[in-house]
Amino acid sequence: MNANASYTPRGNVAHALLRAVSRLISTPSPASNIASSPGVGTSADAARRSAQCHLLFGSMTASKTFYVSYVLSMAHVDSAPLFNLYQQVAPAELFGVLQRQIGLQAHARLYSARLVIWMMLLQRLQPRGTLASSVAQLVEGRFDALLSQCKRSREKNIALATGGYCRARQNLSKLLVSRSMDELIERLRQRLLESGSELPQRAYLLDGSSLQLEHEPELVRSFPPASNQHGQAHWPVVRIVVLHDLETGLAERPYWGPLNGRKAVSEQALAERAVAHVPPGAVMVGDRNFGIFATAYSAQQAGHQSVVRLTAVRAKALMGGPISRAGEYPVRWRASRWDGRKKNKQQPPPWPADARVEGRLIVWRVGRGKHKQWLYLFTTTSWPADEVVALYGRRWQIETDLRSLKQTVRLYRISAHSTNMVEKELLIAVMAYNLVRAIMFQAAQRAQIDPRQLSFTYACNIVLDTYSEVLAAPTAKQQQQKLDWIIDLVARCRLPKRTKRRAYPRQVWGRGYRFPIRRREKK
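Right, let's walk through the structure included here. (Residues numbered from 1 in each chain as written. Predicted model: local features only at pLDDT ≥ 70, side-chain atom pairs only at ≥ 80, totals over all residues. Heavy atoms only, no water.)

**Here's the deal with the pattern of salt bridges**
Following the criterion strictly, the structure yields 18 salt bridges and no others. In this structure, arginine 189 and glutamate 186 form a salt bridge, with 3.2 Å as the shortest nitrogen-oxygen distance. Of this pair, arginine 189 and glutamate 186 both sit in helix H10 (residues 174-192), three residues apart, which is roughly one turn of that helix. Taking the relative accessible area as the measure of exposure, arginine 189 reaches 3% and is therefore buried. Connected through salt bridges with shared partners, the residues Glu186, Arg189, Asp245 and Glu252 form a single ionic network. (Salt bridge = Lys/Arg side-chain N within 4 Å of Asp/Glu carboxyl O. Helix = DSSP H or I, 4+ residues; strand = E, 2+ residues; numbered from the N terminus. Buried < 20%, exposed > 50% of the residue type's maximum accessible area, 1.4 Å probe, protein only.)

**Here's the deal with the nonpolar core**
Core analysis: the largest hydrophobic core is formed by 104 residues, its most contacted members being Tyr86, Tyr111, Trp118, Leu121 and Leu435. Ignoring anything within four residues of it in the chain, the contact list for leucine 435 reads Leu82, Leu85, Tyr86, Trp118, Leu121, Leu184 and Leu188. Ranked by size, the runner-up nonpolar core spans 20 residues in total, among them Tyr297, Val308, Leu318 and Val331. (Core = buried A, V, L, I, M, F, W, Y, C linked by side-chain atoms within 4.5 Å. Contact = heavy atoms within 4.5 Å.)

**Things to note about empty space enclosed by the protein**
Summed over the entire model, instances satisfying the criterion amount to one cavity of 30 Å³ or more. For the largest cavity, the calculated volume is near 30 Å³. Taken together, Leu206, Val275, Met284, Thr295, Ala299, Ser306 and Val308 form the lining of the largest cavity. Looking at the lining of the largest cavity, the elements that each hand over two or more residues are helix H13 (293-301) and strand S7 (305-309). In terms of residue class, the lining of the largest cavity is built from five nonpolar, two polar and no charged. (1 Å grid on protein atoms, 1.4 Å probe; cavity = no way out; pocket = protein on both sides within 12 Å on 5 of 7 lines; lining within 4 Å. Points joined across faces, edges and corners; volume = space filled by probe spheres on them. Nonpolar A, V, L, I, M, F, W, Y, C, P; charged D, E, K, R; others polar.)

**Some remarks on the pairing of strand S10 (residues 373-379)**
In terms of burial, S10 is largely enclosed, as five of its seven residues are buried. Where S7 meets S10, three bridges bridge the pair, whose relative direction is antiparallel. Each bridged residue has a counterpart across the sheet, and for valine 308 the counterpart in S10 is phenylalanine 378. Inspection of the sheet shows strand S9 (residues 356-366) paired to S10 by seven bridges, in the antiparallel sense. Within S10, the position partnered with arginine 365 by the bridge is tryptophan 374. Between S9 and S10, which follow one another and run antiparallel, lie six residues, and glycine 367 among them has a positive phi close to 105 degrees. (Pairing = 2+ DSSP bridges.)

**Considering H10**
Given a rise of 1.5 Å per residue, 19 residues ought to cover 27 Å, and the 27 Å separating the end C-alpha atoms of H10 matches this to within 8%. Among all positions in H10, only Leu176, Val177, Ser178, Ser180, Met181, Leu184, Ile185, Leu188, Arg189 and Leu192 are buried. Measuring from the side-chain oxygen of the N-cap residue of H10 to the backbone nitrogen of leucine 175 gives 3.4 Å; that N-cap residue is serine 173. (Expected span 1.5 Å × (residues − 1). Polar contact = N/O pair within 3.5 Å; in protein donor to acceptor, adjacent residues only side chain to side chain.)

**Description of the packing of helix H5 (residues 92-101) against H10**
At their nearest, the axes of H5 and H10 sit 10 Å apart, and the two run at 135 degrees to each other. With respect to their mutual orientation, H5 and H10 come out oblique. In this structure, the crossing between H5 and H10 has a hand that is right-handed. Along its contact with H5, which presents Leu94, Phe95, Leu98, Gln99 and Gln101, the element H10 presents Leu176, Arg179, Ser180, Glu183 and Arg187. The class makeup of the residues in the contact of H5 with H10 is four nonpolar, three polar and three charged. (Axes fitted to C-alpha atoms, helices over the stretch in contact; angles between N-to-C directions. Parallel < 35°, antiparallel > 145°, perpendicular 65-115°, else oblique. Left-handed = near helix turned anticlockwise from the far one by under 90°.)

That's the geometry; what it means functionally is another story.
And the structure:
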């Protein structure tokens, strides 16, 4: 099994791990060469990344302090990597403090908030993700380290029925989940960036998507389905916007709202709330959908800098005329008479009349040969123009991040019957995503590669398939060996390098229908 080998399906990954153990024992660990390595990749690789508009800064290395505190400390707990990491970043004391802050009494019960959140996290990461499978693992003793000192825990009086776990999920405080997610994100970031950041400023990628919900009366009222001249669709849809850390890949707190109906919210409005939640001093990177005055102004008011792409029409209007050559031009962006008045033209815009954003308009030519096209970027940073263009070139990474969040974490459709549970599932899915991302970032540092070069799906599968093997290790030393093997395997889950365009156009096979399409009955 080598770095270029194709990985086996989910059911055979654990067997592939056992076959790879003998080779990994004789292979020097990448961690031993991290401190002495001068850089990442060869000059050819650097040139290729530069040609693809990837921002190149100093080499990212992991210090000895990072390795000892984050890797070796995982051996003292009898658990798998994700379970171990969850115990470290979300200790029982943290939940006690959070419950007191929001005015909740912490009772000694079997299904504590810490245990319920972990079981819901595991449901998101597992292919089936049923309540019964989570309760079965609890009965088997896999979550004993999370049990509170109540009578049922001491006597191991845990039933296989899912009723108690289901009620605990319903009674779990949404505010507690929200506070827990914020704490988990911050603690993970401190661990991952303990050895320093490769970027001069924290950068976030901004984008949105939509998720499908169950057809329940409460959800239909809160998140109306789409409608057209033929009537209303069946499934409710929620719009979501989330910021992703450019360096670590961690996702920030998501913000959501209805996609349709009278209370529908735009991605730009959700982006303003997401930007305001991040500590000041960051750089926001957005595509043409966010290349409007409202996004740049809200980022400026929150103490952030921005790099957003503009349409050709908006760039020419900002310049006051046609643009004939590449370069960078200082501009003063003022709101037009249409900005902020899309829904209600009589309502004044949410900014003063003299509102403006000082920045630069960067006009660049990207692509090769006849495929070159104009790129218009507005930025409030002081970075050189080529670094700003390279930074925007990495914006596409959020597309794969959202795909992993929706497919691997199974967020494309939320199986919840109430608005309260939908919101909790959203927050917990982001927490599950961030735990896997933390393991991937650690593996990438040991292999001295970019974390985005690793496959999120492969990494998640390896961690989950080796879950039972780490639990079965009899000693702490063997547990540490298992964990090191897992991290090395995750570091080998590299994505293929696709430098050429497809030789064929994108096409979709037509779907055959065995049954007639159900039509809505006319009333």
